[in-house]
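Fold and contact review
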Amino acid sequence: METLSALLYLVASICFIMALRGLSSPETSRQGNIYGMVGMTIAILTTLASPIVQSYWMIVLGIAIGGAIGYVVAKKIEMTALPQLVAAFHSLVGLAAVFVALAAFYSPEAYGIGVRGAIAKGSLVEMALGTAIGAITFTGSIVAFAKLQGLVTGKPLVFPMQHPLNAALGVLTLILIIWLVQSNSSAAMWLIVLVALALGFLLILPIGGADMPVVISMLNSYSGWAACGIGFTLQNNLLIITGALVGSSGAILSYIMCKGMNRSIFNVILGGFGGESAAAGGAAKGPQGSVKAGSAEDAAYIMKNAQSVIIVPGYGMAVAQAQHALREMADVLKHEGVDVKYAIHPVAGRMPGHMNVLLAEANVPYDEVFELEDINRDFGTADVAFVIGANDVTNPAAKTDPASPIYGMPILDVEKAKTVFFIKRGMAAGYAGVENELFFRPNTMMLFGDAKKVTEEVVKAMEA
Ligand code: NAP
């Protein structure tokens, strides 16, 4: 039986690896999801069939409660609130790691790792690391959730001696782990939990504005390592492999996003080094002149007579669910012989790949969708940049204002197009809270209104 479950766990692990491989491209992502589901089904059934399981009622109760909550949340959640949901789920993974480690600490016999007060040293190290990473993930994810939900400000929250304090807490955690391994002391175990909870809170607090996407993927990575730690405690190879897959893929994604954002990954891991200047300045500067507001008819006329149009979707498109209307607009333009492309910024929207998912849902052909580095040069020759619900990702302050929270982030150079349309409801700033000077430029025309409604009006005007 043991050999069979080891074999099935191996098959499940391979499915998870194939799932990750599939998810790396929009074309194969559906297949990747299927591999993931098959792997998870094999893993769950194998675990349930294991002779270690002594009673099923607790498991069934857990599945019923968790499944019911998951069902309600999945039905209710808006696409735009997914990042918060992901952050909330990460916090639960972290908390689970802490609970499993504490359970193993107080009942080591049940886990075959020694007896209370004389737990094997290796197991104590695994347990302590799982606890510390889990607790950091828990509070860090709660702060990320609060920032994304708008419960606390998205700006970096900095205070004097923040970094020395974080460093001191990090060293203290290491000392406590050594104490725990030497003494089996429950005081040491609980102090690790408390210090790591504080550390998670303090590490994410100073990260603000445009750096939140990196934080989400970092927390994803942490939750994977926490699960990996639980895997060692439970001596479950599948959990070790799956945790390591989540941990390493999250770390790779964070690295890619840091590169895309022109940020140092160490600054993000260590809690927003460099956030001080951004917190001090760079906020909205107030009106910088007058804006030119246009109508859907103006936009329709200019775009129908254009040779090339580059569409830049952002968070507002997701809020308005304007992707279908947008594709319809692109279809009409293509029918008129206009060259249409979509430009995707790595942090547009509120989660990695947010825009790609929405455009794929509206059946936008993949070969019309371009990443920042592949399309930025084309704005110089484009007739129109149609910026729909995007703001920060086009803001030149990222290049010109060292005090801005988005300084250093590469942007889509929409300003180089002959005409730039900004579709948004008013003059509000984007997520980073920075005024966008492009709204006041002579080649910019604002199309005020809900992104879906305005796009539908443009389509109607083009068809009229
Ligand atoms: P953004 O800078 O947040 O701007 C979105 C704009 O959409 C707003 O200025 C808003 O202006 C407009 N808007 C909102 N609802 C709308 C609607 N129904 N119709 C039309 N317009 C609407 O968005 P972005 O340019 O996509 O940049 C993303 C930002 O989020 C970056 O700062 C990024 O770092 C951050 N972020 C990204 C992620 C990620 O993983 N992608 C995660 C967390 C944070 P009005 O209110 O005036 O309409």
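Criteria and cut-off values
Throughout this document, residue positions are counted from 1 along each chain, in the order its sequence is written. Local features in this predicted model are restricted to residues of pLDDT 70 or higher, and side-chain atom pairs are both shown and tallied only at a pLDDT of 80 or more, whereas totals for entire chains, interfaces and linings draw on every residue. Computation of side-chain values: all heavy atoms of the structure, hydrogens and water removed. UniProt positions are given in the numbering used here, feature names are shortened, and annotations may be inferred rather than shown by experiment. Here the rule is simple: two strands pair whenever DSSP picks up at least two bridges between them. Segments assigned H or I by DSSP are reported as helices when at least four residues long, segments assigned E as strands when at least two residues long, and all are numbered from the N terminus. Angles here are taken between N-to-C directions and fall from 0 to 180 degrees, while the axes themselves are lines fitted to C-alpha atoms, restricted in helices to the stretch in contact. Any two residues whose heavy atoms approach within 4.5 Å are treated as being in contact. Boundaries of every domain are those given by an automatic assignment or by a domain database. As a working definition, buried area equals the accessible area (1.4 Å probe) given up by two parts on being put together, with both sides summed. Each salt bridge in this description consists of a side-chain nitrogen of Lys or Arg and a carboxyl oxygen of Asp or Glu lying within 4 Å of one another. To sort residues, take the accessible area from a 1.4 Å probe on protein chains only and compare it with the maximum for the residue type: under 20% means buried, over 50% means exposed, and anything in between is partly exposed. Candidates for patches are residues over 30% relative accessible area with no salt bridge; among them, like charges are joined within 9 Å and nonpolar side chains (Val, Leu, Ile, Met, Phe, Trp, Tyr) within 5 Å. Note on areas: Shrake-Rupley with a 1.4 Å probe; residue coverage comes only from the protein chains shown. To estimate the expected span of a helix, subtract one from its residue number and multiply by 1.5 Å. For this analysis, a polar contact is any N or O atom pair within 3.5 Å, provided that within protein one partner can donate a hydrogen and the other can accept it, and provided that sequence-adjacent residues contribute only side-chain to side-chain pairs. Note on terminology: a nonpolar core comprises buried Ala, Val, Leu, Ile, Met, Phe, Trp, Tyr and Cys residues joined through side-chain atoms within 4.5 Å. Oblique is the label for every angle not falling under 35 degrees (roughly parallel), over 145 degrees (roughly antiparallel), or within 65 to 115 degrees (roughly perpendicular). Whether a crossing is left-handed or right-handed is set by the direction in which the near helix is turned from the far one by less than a right angle, anticlockwise for left-handed and clockwise for right-handed.

Per an unreviewed UniProt entry, the recorded name for the protein chain is NAD(P) transhydrogenase subunit beta, and the organism is Azospirillum picis. The heading Subcellular location (unreviewed entry) in the UniProt record of the protein chain holds the text "Cell inner membrane".

**Brief notes about the sheet that holds strand 3 (residues 308–313)**
Hydrogen bonds between backbone groups are what pair the strands of a sheet, and the pairing can be parallel or antiparallel. With parallel pairing, the six strands of this open sheet are ordered in space as 5-4-3-6-7-8. With partners counted over all chains shown, the strands left at the sheet margins are strand 5 (369–371) and strand 8 (444–448), one partner each. Pairs of neighbouring strands in the sheet enclose a mean axial angle of 25°, with direction left out of account. Sheet strands in contact with helix 15 (residues 323–335) are strand 3, strand 4 (339–344) and strand 6 (384–388), and its direction is about 145° off that of strand 4.

**Side note on the domain arrangement of the protein chain**
The domain boundaries assigned to the protein chain delineate domain 1 (1–76), domain 2 (84–280) and domain 3 (296–463). For domain 1 and domain 2, the distance between their C-alpha centroids amounts to 24 Å. Contact with domain 1, which involves eight residues of that partner, is made by seven residues of domain 2. Summing both partners gives a buried area of about 670 Å² for domain 1 against domain 2, and 85% of it is carried by carbon and sulfur. In this assembly, domain 1 and domain 2 are joined by zero salt bridges. The element best represented in the side of domain 1 that touches domain 2 is helix 1 (residues 2–23), accounting for six residues.

**Quick word on the pattern of salt bridges**
What the rule picks out here adds up to 11 salt bridges. Across the pair arginine 441 and glutamate 437 runs a salt bridge whose closest N-O atoms are separated by 2.7 Å. Under the relative-accessibility criterion, arginine 441 is labelled partly exposed at 26%. Salt-bridge contacts for lysine 453 lead to glutamate 457; the nearest nitrogen and oxygen are separated by 3.5 Å.

**Considering the environment of glutamine 31**
Residue placement: glutamine 31 occurs in helix 2 (residues 29–49). The class for glutamine 31 is partly exposed, based on a relative accessible area of 47%. Between the alpha carbons of glutamine 31 and arginine 21 there is a distance of 9.5 Å; along the sequence they are 10 residues apart.

**Observations concerning a nonpolar patch on the surface**
The grouping of Met1, Leu4, Leu7, Leu8, Leu10, Val11, Ile14, Met18 and Tyr35 at the surface amounts to a nonpolar patch, some 780 Å² of accessible area in total. Per element, the largest residue contribution to the nonpolar patch is seven residues, and it comes from helix 1. Tracing the chain through its elements places leucine 4 in helix 1. You can call leucine 4 partly exposed: its relative accessible area is 46%.

**Description of the side chain of histidine 90**
By the element assignment, histidine 90 lies in helix 4 (residues 82–106). For histidine 90, a relative accessible area of 8% corresponds to the buried category. When near neighbours in sequence (up to four residues on either side) are disregarded, histidine 90 contacts Thr137, Ser141, Ile216, Leu219, Asn220 and Ser223.

**Things to note about helix 10 (residues 237–261)**
Spanning 25 residues, helix 10 covers 36 Å between terminal C-alpha atoms, matching the ideal 36 Å at 1.5 Å per step. Burial in helix 10 covers these residues: Leu238, Ile240, Thr242, Gly243, Leu245, Gly247, Gly250, Ser254, Met257, Cys258, Gly260 and Met261. Along its buried surface, helix 10 packs onto helix 1, helix 2, helix 9 (212–234) and helix 11 (265–269). If you check the start of helix 10, you find a side-chain oxygen 2.9 Å away from the backbone N of leucine 238, and it comes from asparagine 236. Once helix 10 ends, the next one or two residues include asparagine 262, with phi positive near 60°.

**Describing the nonpolar core**
Within the largest apolar cluster, 113 residues are counted, with the highest numbers of intra-cluster contacts made by Met303, Ile311, Met329, Phe386 and Val414. The element best represented in this core is helix 8 (residues 186–204), accounting for 10 residues. Taken domain by domain, the makeup of this core includes at least three residues from each of domain 2 (84–280) and domain 3 (296–463). The residues contacting methionine 303, other than those within four sequence positions of it, are Val309, Met329, Leu333, Val338, Val384, Phe386, Phe421 and Val458.

**Brief notes about the packing of helix 15 against helix 19 (residues 451–463)**
Two numbers describe how helix 15 lies on helix 19: the axes approach to 9 Å, and their chain directions differ by 25°. The angle between helix 15 and helix 19 places the two elements in the roughly parallel class. Here helix 15 and helix 19 pass one another in a crossing that is left-handed. Contacts between helix 15 and helix 19 involve Ala325, Leu326, Glu328, Met329, Val332 and Leu333 from the former and Lys452, Thr455, Glu456, Val458, Val459, Met462 and Glu463 from the latter.

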